[in-house]
Amino acid sequence: MRRAATVDRRMFVLGALALALTTAHAQLKPGEPAPVFTLEAALGGREFRFDLSQTLAKGPVVLYFYPKAFTAGCTYEAQLFAQASERFAALGATVIGVSSDDIDTLKRFSVEACRDRFAVGADPDGRIIRAYKAQIASRPDMADRISYVISPEGRIIHVHHHANPEGHVDGTLEAVERWMARQQRR
């Protein structure tokens, strides 16, 4: 009996280690330039072309990557960002979520989960996901759950990488607030 429990614990530890190794990657770091991109996006069910450069001209951008629309964690995270959308807007920040989902799926997701509050972008070929080093190591065609805050100068100022959707909104909101406070002191 005791030997079986030891084997079970070892298997659990090995499984957890394997999971950690397959999801670990070297995301972009604060201070690095943010790769510029354009992509098809949806807001309130309407398709449009999102251009990072044009959006940064208006203020900071919260770019968050998520694995798949309409899954429990991704829907929950989108709802959290939707609830905080007015707070981001008051700071002059634009929020956009990006996944490898197709644009038709994201048109629905932008209404149902994002509640018409912020855009979601389609990256079905994973070009942007790879540029931001946001892919899941074991599934390079799929985004990991990682959030970036990008300054209007095009630099990464904050990174939050965690499978739990809970901390992404608070972490990025605090980063935008800190950035805004620094700007006001200048």
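This text gives an overview of the structure that appears in the document. Bear in mind the structure is a predicted one, so any value in this text is a computation, not a measurement. Counting restarts for each chain, with residues numbered from 1 along the sequence as it is written. For this predicted model, a pLDDT threshold of at least 70 governs which residues receive local features, and a threshold of 80 or more governs which side-chain atom pairs are given and counted, while totals over whole chains, interfaces and linings are taken from all residues. Remark: hydrogens and water are excluded; side-chain values derive from all non-hydrogen atoms of the structure.

### Remarks on the nonpolar core
Move 1: Take the buried residues of types Ala, Val, Leu, Ile, Met, Phe, Trp, Tyr and Cys, join any two whose side-chain atoms come within 4.5 Å, and each joined set is a nonpolar core. We call a residue buried when its accessible area falls under 20% of the maximum for its residue type, exposed when it is over 50%, and partly exposed in between, using a 1.4 Å probe and counting protein chains only. With 28 residues, the main nonpolar core has Tyr-66, Phe-81, Phe-88, Phe-109 and Phe-118 as its most contacted residues.
Move 2: Elements with a minimum of two residues in this core: strand E3 (61–65), helix H3 (72–83), helix H5 (103–112), strand E5 (119–122) and helix H7 (166–185).
Move 3: Counting from the N terminus, the helices are DSSP H or I runs at least four residues long and the strands are E runs at least two residues long. Looking at this core, the element that brings in the most residues is H3, giving 5 residues.
Move 4: In what follows, a contact means two residues having at least one pair of non-hydrogen atoms within 4.5 Å. Those residues in contact with Phe-81 that lie beyond four places of it in its chain are Val-62, Tyr-64, Phe-88, Val-95, Phe-118, Ser-147, His-168, Val-169 and Thr-172.
Move 5: Grouped together as the second largest cluster of nonpolar side chains are 23 residues, Ala-41, Phe-50, Ile-96 and Ile-128 included.

### Here's the deal with the pattern of salt bridges
Move 1: Note on definitions: salt bridges are taken to be side-chain nitrogens of Lys or Arg within 4 Å of carboxyl oxygens of Asp or Glu. Evaluation of the coordinates by the stated rule reveals 6 salt bridges.
Move 2: Across the pair Asp-101 and Lys-68 runs a salt bridge, and its minimum N-O distance is 3.3 Å. You can see Asp-101 sitting in the loop between strand E4 (94–99) and H5 and its partner Lys-68 sitting in the loop between E3 and H3, a full 33 residues away along the chain.
Move 3: Given a relative accessible area of 5%, Asp-101 falls into the buried group.
Move 4: Exposure remark for Lys-68: the relative accessible area of 39% places this residue in the partly exposed category.
Move 5: The partner of Lys-107 in a salt bridge is Asp-104, and the shortest N-O contact between them spans 3.7 Å. With a gap of 3 residues between them, Lys-107 and Asp-104 both fall in helix H5, about one helical turn apart.
Move 6: Judged by relative accessible area, which is 24%, Lys-107 ranks as partly exposed.
Move 7: Residues joined in a network through salt bridges with shared partners are Glu-47, Asp-104 and Lys-107.

### Side note on the packing of H3 against H7
Move 1: Between N-to-C directions, angles cover 0 to 180 degrees, with each direction set by a line fitted to C-alpha atoms, over the stretch in contact for helices. In the contact formed by H3 and H7, the axes pass within 8 Å of each other and the chain directions differ by 30 degrees. Classed by the angle they form, the pair H3 and H7 counts as roughly parallel. For the pair H3 and H7, the sense of crossing is right-handed. When H3 is examined against H7, the residues Tyr-76, Glu-77, Leu-80 and Phe-81 are found in contact with a partner set consisting of Glu-166, His-168, Val-169 and Thr-172.
Move 2: Side-chain classes follow a simple rule in which Ala, Val, Leu, Ile, Met, Phe, Trp, Tyr, Cys and Pro form the nonpolar group, Asp, Glu, Lys and Arg form the charged group, and the remainder, Gly included, forms the polar group. For the contact of H3 with H7, the per-class residue count stands at 4 nonpolar, 2 polar and 2 charged. Each angle receives one of four descriptions, namely roughly parallel if under 35 degrees, roughly antiparallel if over 145, roughly perpendicular if within 65 to 115, and oblique otherwise. Working rule for handedness: look at the near helix, and if it is turned counterclockwise from the far one by less than a right angle, call the crossing left-handed; if clockwise, right-handed.

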